[in-house]
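Examination of the molecular architecture
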Amino acid sequence: MVEKKATREGYGDALLELGREYSNVVVLDADLAKSTQSYRFKEAFPDRFFDCGVAEQNMMGTAAGLAASGMICYTGSFAIFATGRAFEQIRNTIAYSNLNVKICPTHAGITVGEDGASHQTVEDLALMRVIPNLKVIIPADYYEAKAAAKAAAEIDGPVFIRMGRPKIPTIFDENYEFEFGKVLKLREGKDVTICAVGIMVGVSLEAADELAKEGIGAEVLNIHTLKPLDEKTILESVKKTGSVVTAEEHSIIGGLGGAISELLGKKMPLPIEMVGVKDRFGTSGSIPELLDYFGLSKQDIVVAVKSVLARKP
Amino acid sequence: MKRDELEKLLKEKARILRRDIVKMIGEAGSGHPGGSLSAADVVATLYFYHMRHNPKDPSWPERDRFVLSKGHACPVLYAALAESGYFEKNILWTLRKLGSILQGHPDMRKVPGIEISSGSLGQGLAAANGMALTARLTNKDYKVYVMIGDGESQEGEIWEASMFAAHYKLDNLVAILDYNKLQIDGSICEVMDIKPVVDKWRAFGWHVFEIDGHDIMQIVDTLKAADEIRGKPSMIVANTIKGKGVSFMENVCGFHGKAPNKEQVEIALRELS
């Protein structure tokens, strides 16, 4: 049976290990500790956990002050509130001064589900990606989330880690070693490069299996670090395959699709198709329904691949 | 030191800060003189008497912290840092120029002695909360002093941070409100009144003092009293005059964010001699 775990569970487990390994790790949350899983750190290290209440701006500023005086501060919340409500605190007080704050929101994307558009952020990667000094990580499964959250403690400066709500099939295992800033090739292929992040990495691997049945070789890259972008590995792959499909649970504007388009436009202009949310808000529904509704299914990737292959020079 | 000697010393320091503020903003051709001058007596008292700090070792872990949440008033802070010896005084005349460490708003990565970058209003009090928490977590006895503005008090984050400090009983945190009653668009009471500000802070769980922010010995005594409050953070509402010390700037809203011209600099420096 396939193991299914949420990326946010990886965050909760990582915090426990971080608390044991680093005496200067402090965790903040904004009344969502049970959802983000930071409550587990709270139970284990009550003196180093501070609930800020429903006040994300002060949470980010407090995190900056903790970091400026020597602590490593992890902050939780939902991605919409962390990056939207507190955008300017992240920009001006955390990132501008390159402070050691790890912004680790959960419930990103449309897979928040029934709560609907107000809670479904498909803009957060665009918002975080434009901020200088800020590193942007999108784990693809539980193990990658856990490893990335741990690795962030050793990265000097601010890090954004985007996590989700639902339990999703795991791709890696306990031995997974996260390499910050390095694209991870999960499958070799000669016809098309699929660049994917988050839950779409697993979906892309399934799509690649489908495509293989039709004789199409899809190379699947896990772009877990969106910034800084490992341009070299991506370009090497695209040079070989000659076309790209991006897949993300985010707006096709400004996120992974945006980043890869910028790269290709500058260095290797070749056809690209983007699988993602098409410049619209989310809506209430069950998670499987929503993935279909917003065009984030395995079949959507298959269609995008065929479309990009048809455009190949 | 005797009280009258201390008062004399701090008045002199405040005069030097005011002269440097006028001169550096004049040289820069832009900047915020009004709110820098109103804060000069409190800042002088902190840097030249009250705070424990070491200009030769800006990152000394035991030092008291000062956060200028109203970052646009940085000329007063730059002047205090230079006068304390954090950097050479002639750097003051590079304010706001390309390549200068003295940015239009404070940058902690460029200037020794700046505890946190600020300038976007409302954010410094939250950062001060974090520093106060670190002191508690690391068993250090340093204090965190943070100066906020009255216009700045219209920002929601100030009140989020206010709740946090009281909730976690941050008694190593002392905030000073530079209550000069003016903001860019006019007087505070016309633009967006913050009255009754003493009651507001008290209702938010702080110990509140209200003083004349230009009376040096009142500042000295109140900072001391604030340090001794236990179980809650302290707020010192300092009633001040925007542009204090320069006759044509006093209580003039227009000098919130406008530099004096050459002639005005000369007049101001004469008044401050």
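Predicted model only: the values in this text are computed from it and were never measured.

**Regarding the overall build of chain B**
If you tally the helices and strands in chain B, you get ten helices and seven strands. What you see for chain B is a C-alpha radius of gyration of 17 Å, in line with the 19 Å of a compact globule of 273 residues. Principal-axis analysis of the C-alpha atoms places the extent of chain B at approximately 50 × 45 × 40 Å. Among the 273 residues that make up chain B, the fraction classed as buried is 59%. Nonlocal contacts in chain B, meaning residues at least 24 apart in sequence, comprise 75% of its contacts between residues at least 6 apart. Of the roughly 10,600 Å² of accessible surface on chain B, a fraction of 50% belongs to carbon and sulfur atoms. Computing the positive centroid from 35 side-chain charges and the negative centroid from 36, chain B places the two 3 Å apart.

**Thoughts on the overall build of chain A**
Counting its regular elements, chain A contains 13 helices and 14 strands. Its C-alpha atoms give chain A a radius of gyration of 19 Å, near enough to 20 Å, the size a compact globule of 313 residues would have. Principal-axis analysis of the C-alpha atoms places the extent of chain A at approximately 60 × 40 × 35 Å. Considering only contacts in chain A between residues 6 or more positions apart, those separated by 24 or more positions represent 80%. For chain A, the accessible area works out to roughly 11,400 Å², and carbon and sulfur atoms hold 51% of it. Computed over 35 positive and 42 negative side-chain charges, the inter-centroid distance for chain A is 3 Å.

**Side note on the domain arrangement of chain A**
All names here are of chain A. Once the domains are mapped, chain A shows domain 1 (4-169) and domain 2 (184-310). The straight-line distance from the C-alpha centre of domain 1 to that of domain 2 is 25 Å. Of the residues lining the interface, 31 residues belong to domain 1; the matching set on domain 2 comes to 33 residues. Of the roughly 2,400 Å² buried between domain 1 and domain 2 on both sides combined, carbon and sulfur atoms contribute 59%. If you sort the residues of domain 1 by the area they bury against domain 2, Ile110, Val122 and Arg129 come out on top, with a joint share of 30%. Here domain 1 and domain 2 share one salt bridge between them. The residue Arg129 makes a salt bridge to Glu262 at a minimum N-O spacing of 2.9 Å.

**Section: the interface of chain B and chain A**
With 25 residues of chain B in contact, the opposing surface of chain A contributes 26 residues. With both chains or domains summed, chain B and chain A bury close to 2,000 Å², and 57% of this area falls on carbon and sulfur atoms. It is Gln123, Leu137 and Glu160 of chain B that lose the most area in chain B upon contact with chain A, and together they represent 26% of the buried surface on that side. In this structure, the connection of chain B to chain A is made through zero salt bridges. Run the count over chain B and chain A and you get 15 residue pairs in polar contact (both at pLDDT 80 or more). Only α5 (124-137) and α6 (156-167) of chain B provide two or more residues apiece to the side of chain B that touches chain A. A total of eight residues in the side of chain B that touches chain A trace back to one element, the largest contributor, which is α5 of chain B. Partitioned by chemical class, the residues of the side of chain B that touches chain A number eleven nonpolar, eight polar and six charged.

**Quick notes on the nonpolar core**
Of all hydrophobic cores here, the largest spans 140 residues; its most connected members are Tyr47, Phe66, Tyr78, Leu125, Leu173, Trp201 and Trp206 of chain B. Of the domains in this structure, domain 1 (4-169) and domain 2 (184-310) of chain A are the two that each give at least three residues to this core. Membership of the second largest hydrophobic core comes to 31 residues, among which are Ile194, Ala196, Ile199 and Val277 of chain A.

**Thoughts on the side chain of His50 of chain B**
Residue and element names in this part refer to chain B. With respect to the helices, strands and loops of the structure, His50 is situated in helix α3 (residues 40-50). A distance of 2.7 Å separates the side chain of His50 from the side chain of Asp227, its partner in a polar contact. When residues no more than four places from it in sequence are discounted, the contact partners of His50 are Thr45, Asp64, Tyr145, Leu223, Lys224 and Asp227.

**Let's talk about the state of the cysteines**
This structure, assessed with the given rule, holds zero disulfides over all chains. A disulfide-free cysteine, Cys73 of chain A has its sulfur positioned 8.0 Å from the sulfur of Cys52 of chain A, the nearest such atom. The class of Cys73 of chain A is buried, set by a relative accessible area of 0%. Take Cys253 of chain B: it sits in no disulfide, and the sulfur closest to it among the cysteines is that of Cys189 of chain B, at 11 Å.

**Focus on the sheet that holds strand β6 (residues 207-212) of chain B**
All names here are of chain B. Taking strand neighbours across the sheet as the criterion, the five strands line up as β1-β2-β3-β7-β6 in an open arrangement whose pairing is parallel. Every other strand in the sheet has two partners, leaving β1 (65-68) and β6 as the edge strands with one partner each. Going from strand to strand, the sheet's axes swing by 20 degrees on average, the running direction of each strand aside. Judged from the six bridges that link them, β6 and strand β7 (residues 234-239) form a sheet pairing that is parallel. Within β7, the residue paired with Glu210 across the bridge is Val237.

**What to know about the environment of Gln218 of chain B**
Residue and element names in this part refer to chain B. Assignment of secondary structure puts Gln218 in helix α9 (residues 216-227). For Gln218, a relative accessible area of 30% gives the class partly exposed. Sequence-wise, Gln218 and Ala238 are 20 residues apart; in three dimensions their C-alpha atoms are separated by 9.9 Å. Ignoring anything within four residues of it in the chain, the contact list for Gln218 reads Glu210, Ile211 and Asp212. A distance of 3.0 Å separates a polar atom in the side chain of Gln218 from the backbone nitrogen of Asp212.

**Thoughts on the sheet that holds strand β5 (residues 101-103) of chain A**
Residues and elements named next belong to chain A. With mixed pairing, the seven strands of this open sheet are ordered in space as β3-β2-β4-β5-β7-β6-β12. Both outer strands of the open sheet, β3 (49-51) and β12 (225-227), are each paired with one neighbouring strand and no more. Mean inter-strand twist for the sheet, computed between neighbouring axes without regard to direction, equals 20 degrees. Here strand β6 (residues 135-137) runs beside strand β7 (residues 159-161); their pairing, made up of three bridges, is parallel. Its bridge partner lying in β7, Val136 is registered against Phe160.

**Examining the pattern of salt bridges**
Tallied over the entire structure, the rule returns 35 salt bridges over all chains. Measuring nitrogen to oxygen at the nearest pair gives 3.7 Å for the salt bridge that ties Glu188 of chain A to Lys185 of chain A. Of the charged contacts in the structure, one is a salt bridge between Glu115 of chain B and Arg63 of chain B, with a shortest N-O distance of 2.7 Å. Of this pair, Glu115 of chain B sits in the loop between α4 (74-84) and α5 while Arg63 of chain B is found in the loop between α3 and β1, placing the two residues 52 residues apart along the sequence. Look at Glu115 of chain B and you get buried, because its relative accessible area is 9%. A relative accessible area of 9% places Arg63 of chain B in the buried class. Connected through salt bridges with shared partners, the residues Glu17, Glu21, Lys146, Lys150 and Glu174 of chain A form a single ionic network.

The rules we used
Every chain begins its residue count from 1, and numbering advances along the sequence as written. In the order they appear in the text, chains get letters beginning with A and ligands get numbers beginning with 1. Since the coordinates come from a predicted model, pLDDT governs what is reported: local features require at least 70, and pairs of side-chain atoms require 80 or more to be given and counted, while whole-chain, interface and lining totals use all residues. With hydrogens and water excluded, all non-hydrogen atoms of the structure serve as input to the side-chain values. Where helices and strands are cited, they refer to DSSP runs of H or I of at least four residues and of E of at least two residues respectively, numbered from the N terminus. Radius of gyration means the value over C-alpha atoms here, while the globule rule gives 2.2 Å times the residue count to the 0.38 power. Throughout this description, buried means an accessible area under 20% of the type-specific maximum (1.4 Å probe, protein chains only), exposed means over 50%, and partly exposed covers the range between. Whether two residues are in contact is decided by their heavy atoms: any pair within 4.5 Å suffices. Surface exposure here means Shrake-Rupley accessible area, sampled with a 1.4 Å probe, where a residue is shielded only by the protein chains that are shown. For the purpose of counting charges, residues Lys and Arg are taken to be positive, whereas Asp and Glu are taken to be negative. His and the chain ends are not included. By convention, the charge on Lys lies at NZ, on Arg at CZ, on Asp at CG and on Glu at CD. Per the annotation, domain bounds derive from an automatic or database assignment of domains. Two parts lose some accessible area (1.4 Å probe) when they are put together, and adding that loss for both gives the buried area. A side-chain nitrogen of Lys or Arg and a carboxyl oxygen of Asp or Glu constitute a salt bridge if their distance falls within 4 Å. We call two N or O atoms a polar contact when they sit within 3.5 Å, provided that within protein one can donate a hydrogen and the other can accept it, with sequence-adjacent residues counted only if both atoms are side-chain atoms. In this count, Pro and Cys sit with the nonpolar residues alongside Ala, Val, Leu, Ile, Met, Phe, Trp and Tyr, while Asp, Glu, Lys and Arg are called charged and the others, Gly among them, polar. Residues belong to a common nonpolar core when they are buried Ala, Val, Leu, Ile, Met, Phe, Trp, Tyr or Cys residues joined through side-chain atoms within 4.5 Å. When two cysteine sulfur atoms are found within 2.5 Å, that pair is recorded as a disulfide. Strands qualify as paired when DSSP identifies two bridges or more between them. Each axis is a line fitted through C-alpha atoms, and for a helix only the stretch in contact is used; angles between axes span 0 to 180 degrees, taken between their N-to-C directions.

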